[in-house]
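# A look at the structure
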Amino acid sequence: MRHFTSVTQLGDLRDAFAEAARIKENPFADQHLGKNKTLLLVFFNNSLRTRLSTWKAATNLGMNVIVLDVNQGAWKLETERGVIMDGDKSEHILEAIPVMGSYCDIIGVRSFARFESREDDYGEVILNRFIQYSGKPVFSMEAATRHPLQTFADMITIEEYKKKSRPKVVMTWAPHPKALPQAVPNSFAEGMRLAGYDFVIANPEGYDLAPEFTEGVTVTHDQDEALRGADFVYAKNWASYSNYGKVLSRDKGWTVTEEKMALTDNAYFMHCLPVRRNMIVSDDVIEGPRSLVIPEAANRVVSAQTVIKRILESL
Amino acid sequence: MRHFTSVTQLGDLRDAFAEAARIKENPFADQHLGKNKTLLLVFFNNSLRTRLSTWKAATNLGMNVIVLDVNQGAWKLETERGVIMDGDKSEHILEAIPVMGSYCDIIGVRSFARFESREDDYGEVILNRFIQYSGKPVFSMEAATRHPLQTFADMITIEEYKKKSRPKVVMTWAPHPKALPQAVPNSFAEGMRLAGYDFVIANPEGYDLAPEFTEGVTVTHDQDEALRGADFVYAKNWASYSNYGKVLSRDKGWTVTEEKMALTDNAYFMHCLPVRRNMIVSDDVIEGPRSLVIPEAANRVVSAQTVIKRILESL
Amino acid sequence: MRHFTSVTQLGDLRDAFAEAARIKENPFADQHLGKNKTLLLVFFNNSLRTRLSTWKAATNLGMNVIVLDVNQGAWKLETERGVIMDGDKSEHILEAIPVMGSYCDIIGVRSFARFESREDDYGEVILNRFIQYSGKPVFSMEAATRHPLQTFADMITIEEYKKKSRPKVVMTWAPHPKALPQAVPNSFAEGMRLAGYDFVIANPEGYDLAPEFTEGVTVTHDQDEALRGADFVYAKNWASYSNYGKVLSRDKGWTVTEEKMALTDNAYFMHCLPVRRNMIVSDDVIEGPRSLVIPEAANRVVSAQTVIKRILESL
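Quick notes on the rules
Residues numbered from 1 in each chain as written. Chains lettered and ligands numbered in written order. Predicted model: local features only at pLDDT ≥ 70, side-chain atom pairs only at ≥ 80, totals over all residues. Heavy atoms only, no water. Least-squares fit on C-alpha atoms with pLDDT ≥ 70 in both. Contact = heavy atoms within 4.5 Å. Axes fitted to C-alpha atoms, helices over the stretch in contact; angles between N-to-C directions. Helix = DSSP H or I, 4+ residues; strand = E, 2+ residues; numbered from the N terminus. Parallel < 35°, antiparallel > 145°, perpendicular 65-115°, else oblique. Left-handed = near helix turned anticlockwise from the far one by under 90°. Nonpolar A, V, L, I, M, F, W, Y, C, P; charged D, E, K, R; others polar. pLDDT = per-residue confidence, 0-100. Pairing = 2+ DSSP bridges. Expected span 1.5 Å × (residues − 1). Buried < 20%, exposed > 50% of the residue type's maximum accessible area, 1.4 Å probe, protein only. Arc of directions from axis to C-beta. Polar contact = N/O pair within 3.5 Å; in protein donor to acceptor, adjacent residues only side chain to side chain. Domains from an automatic or database assignment. Buried area = accessible area lost by both parts, 1.4 Å probe. Salt bridge = Lys/Arg side-chain N within 4 Å of Asp/Glu carboxyl O.

Between chain B and chain C, the superposition needs a rotation of 120 degrees and an axial shift of 0.0 Å, giving an RMSD of 0.0 Å. Viewed as a symmetry operation, the transformation between the two copies matches a three-fold axis. Nearest to the rotation axis, the C-alpha of Gln72 of chain B is located 4.8 Å from it, this being the minimum over chain B. When the interface residues of chain B are mapped onto chain C, a mere 3% of them again fall at the interface, so the copies present different faces.

Encoded structure:
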């Protein structure tokens, strides 16, 4: 594996799940791979799980980890070419990226959608510039349109907990006070289609995801109908794609509550975290015995370690 | 040792001092204990000594260290249950803590008193939630009511410098422009009682510490009287406990000066740092030959390493 | 080597270049030197290259690295003696420095010119206090008047790319929106004199550097004349020395463009980065085949590793 920006790059899924299981069983077995190798983690945005789990994964593999918070202790970066740089940005990303590349062996990048332009966000400008200019393998720690390490962790979790070979997985939109990117739902839809689960998306009108991510997927605006018979409920907020970046609804009727979960086939509850309690999900559901949010987050180490291991093997 | 939140958990003090001395003599002897073990340091507040000394201690033990500054580069955390999270806090501590726990083997937590409610502070809400929900051993890097790694370092320092088996140790309040927590004085009082020194506290009226920390201790409002015959002077500011979190006095008559030190039996001067010069202590005293502030700070590595070693041994 | 604050401390330059070349060829050969040694990097100012390259260099040498951003997550530091510390600074540098020294084996310090007083800046107050009070070897990661790790990397780069034994190197001032320190140009001038290159400085009137750095150097106010026959063009902005810290010109006639480069003998373009495009240099020049800015930045690891290796050998 050279770059990792989408779960579609995982290759044969059974192999990937088997490799992840071996890594989970024996996390320190591959430390020879990372010896004298440095992973640079570049954050353009906040992070808790991704920061810690990727760091832990790299450490398990024997790597050195260097963290760069671009907005803390570094320079503000210009991204456009041809600009006269007489403002507050003192470095151009076209210098900063190859320089970063020269100090490490692998780069992880987090760069969220900015909602200034759908074209820019869906063009994955920042992530692609790292791939193009760093000279090093790059993996996404959540970009504007996908969060593949999260989705891979979600898939590993579903594989661990599923009771039937093709469970019904429902991803439901839920309300949130602010506009959130579509990276997680896009990526999750991508993963569910790959895995071949019985996958349904429920969201209010105006919240349909970009068509390239939902091709062939059942999309309904009736949450209750979607939840019936579900084995896994994956809750997530996202801002509108068609009315790009807008919050069209904060309808608490979409909050995942015990009543909603009662419609399912005793489904597990999943969320990528961080989660707004009593907006996305009630306290009872997230704390209940069917909540997988903690094992799901713990699998972020497994997911990252599998991907970084594959990149190390390809160096 | 499972959790470490108070020096009262150190067990037999002679054993603890002997172990600390061995670690100081040979800091790299126990690196097998930390191999493939990860320490997560979680800071809700600023830190210099604690950050560096705990990091160094863990590194001496062969551990990996991951630092998380909650207020920089992570999400703001909600701590109350039942809240509709539609404000600026995007994650609940009830998710954040077990997630952190899943990425490490031991957690160090710094969480100061907030002076919003004495009940909350003295209930040690944050620290206790880490103990309750992280699933991992937790040690305090200063909580609302105690700073046990500081106190243990103070005790090691007194043991190193004392000329008699039961020295007179005076902890004196001193002025400061802002309201400071009682964690250090509470914890120091706890340590002095454990060690069985001749311990006296001097503070202005209105500044008596919480009774559970001063039981059996001589408390006086006459600083000069307290200082007479002292072998060690431990200066510290704290805000009022009875009039909780209030600054009742900035009386410079309590600043520890050469004149004050002349009342003692050629006492050593101690302070946990950071210290406000010419508020708490004069330049002359802190720079003088009887000042122990630097060796005391250096012993923070020894103190932390002893505690982390014991936790590692219990894993 | 004990402290490193100027390239004049490199000793025999041929030896230094040869050592740097060996390190570049085989970066992991000296890991025994750094075992159980801790490098503390103290940043009073922002950093990208210095942070990452110094961290990587120390890691290559087998060291542990601890980073302290003084303005993020630590305490504000008082630097003057005799002050009553009742303001926003809660720690004095006279305590903070020896404490830092007690937690590490070597200290790297970044502390820029503050332009409050030329005397203070040129007295290198912060750097010298670390040397005086830390008790540990100290190296500069850019101080008020010099940036020796940058200059050493620049020199290594010129040695790698030069076609004649004594190339013509032109350092030219170029416009910038803000007042920048003289550390890089001072230090570069120092290095060029040491290396014995044919060295010329071009800057507008009012921008002559401090005389101690330009003794015996040709300084001209005619950029075009300077550029003729140049083998290397080193662009840099700096604020006025005589009219200390002032921006006297933003004349775009000094921007290094293709037209300017056409005056040279097919010169290489160099800059320490970060660089303001279309202020200091045009997009075309910095992206062109003669631009050395990326290999120059990559040599920052080699430069830092050579210096840290020498300090480790002297411990």
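The next subject is the relation of the copies chain A and chain B. Superposition of chain A onto chain B requires a rotation of 120 degrees combined with a translation of 0.0 Å along the rotation axis, giving an RMSD of 0.0 Å. Comparing interface residues between copies, only 3% of those in chain A also lie at the interface in chain B; the contact surfaces differ.

With that settled, consider the packing of helix 7 (residues 148-161) of chain C against helix 8 (residues 183-195) of chain C. All names here are of chain C. The geometry of helix 7 relative to helix 8 is characterised by a closest axis approach of 9 Å and an angle of 45 degrees between their N-to-C directions. Here helix 7 is positioned oblique relative to helix 8, judged by the angle of their axes. The two elements helix 7 and helix 8 meet at a crossing, and its hand is right-handed. Across the interface between the two elements, Pro148, Thr151, Asp154, Met155 and Ile158 from helix 7 touch Val184, Ser187, Phe188, Gly191, Met192 and Ala195 from helix 8. Here the contact of helix 7 with helix 8 is composed, by residue class, of seven nonpolar, three polar and one charged.

Now for the confidence of the model for chain A. Averaged over every residue, the pLDDT of chain A is 96; residues scoring 70 or more account for 99%. The complex model carries a pTM of 0.95, and its ipTM stands at 0.93.

Quick look at the sheet that holds strand 1 (residues 38-43) of chain A now. Through backbone hydrogen bonds, the strands of a sheet pair up, either in parallel or in antiparallel fashion. Residue and element names in this part refer to chain A. Sheet architecture is open: four strands sit in the order 2-1-5-6, paired in parallel fashion. Each end of this open sheet is capped by a strand with a single partner; those strands are strand 2 (64-69) and strand 6 (138-140). Between one strand axis and the next, the sheet turns by 20 degrees as a mean value, whatever way the strands run. Relative to strand 6, strand 5 (residues 106-110) is paired through three bridges, and the arrangement is parallel. Along strand 6, the bridge assignment pairs Gly108 with Phe139. Sitting on the sheet, helix 3 (residues 49-60) is in contact with strand 1, strand 2, strand 5 and strand 6, with an inclination near 175 degrees to strand 1.

Moving on: helix 1 (residues 13-25) of chain C. Residue and element names in this part refer to chain C. With 13 residues, helix 1 extends 18 Å from end C-alpha to end C-alpha; this agrees with the ideal 18 Å at 1.5 Å per step. Listed as buried for helix 1 are Leu13, Ala16, Phe17, Glu19, Ala20 and Ile23. Buried positions in helix 1, seen along its axis, are confined to an arc of 160 degrees and lie on one side of it. Away from the buried face of helix 1 by more than 90 degrees, exposed residues Arg14, Arg22 and Glu25 are located. Check the buried side of helix 1 and you find it contacts helix 7, helix 8 and helix 13 (293-314). If you check the start of helix 1, you find a side-chain oxygen 2.9 Å away from the backbone N of Arg14, and it comes from Asp12.

By the secondary structure assignment, Arg49 of chain C is in helix 3 (residues 49-60). When the C-alpha positions of Arg49 of chain C and Gln150 of chain C are compared, they lie 9.6 Å apart, and in sequence the two are 101 residues distant. Within the structure, the side chain of Arg49 of chain C is placed 2.7 Å from the side chain of Glu91 of chain A, a separation counted as a polar contact.

Attention shifts here to the domain arrangement of chain A. Residue and element names in this part refer to chain A. You can read the domains of chain A as domain 1 (7-146 + 300-314) and domain 2 (150-296). For domain 1 versus domain 2, the separation of C-alpha centres amounts to 26 Å. On the side of domain 2, 32 residues touch domain 1, which itself brings 25 residues to the contact. Buried area between domain 1 and domain 2, summed over both chains or domains, comes out near 2,400 Å², and the portion from carbon and sulfur atoms is 66%. Seen at the junction of domain 1 and domain 2, the total is two salt bridges. Among the salt bridges present, the one from Arg146 reaches Glu190, with a minimum N-O distance of 2.9 Å. Applying the counting criterion to the domain 1 and domain 2 interface returns eight residue pairs in polar contact (both at pLDDT 80 or more). Here the residues of the side of domain 1 that touches domain 2 are counted per class, giving 13 nonpolar, five polar and seven charged.

Attention now moves to the environment of Lys76 of chain B. Residue and element names in this part refer to chain B. In this structure, Lys76 sits in the loop between strand 2 (64-69) and strand 3 (77-78). A C-alpha to C-alpha distance of 27 Å links Lys76 and Leu149, two positions 73 residues apart in sequence. With residues near it in sequence (within four places) discarded, Lys76 still touches Asp88, Lys89, Ser90 and Glu91. Separated by 3.2 Å, the side chains of Lys76 and Asp88 make a polar contact.

This brings us to the pattern of salt bridges. Here the structure, examined in full by the defined rule, presents 51 salt bridges over all chains. Of the charged contacts, one joins Asp224 of chain B and Lys260 of chain B as a salt bridge, the two residues approaching to 2.9 Å between their closest N and O atoms. Within this pair, whereas Asp224 of chain B is found in helix 10 (residues 223-227), its partner Lys260 of chain B is found in helix 11 (residues 258-261), the two being separated by 36 residues in sequence. The class for Asp224 of chain B is partly exposed, based on a relative accessible area of 30%. On the basis of relative accessible area, Lys260 of chain B is assigned to the buried category, the value being 15%. Where salt bridges share partners, they join Arg81 and Glu95 of chain A together with Arg277, Asp283, Asp284 and Glu287 of chain C into one cluster.

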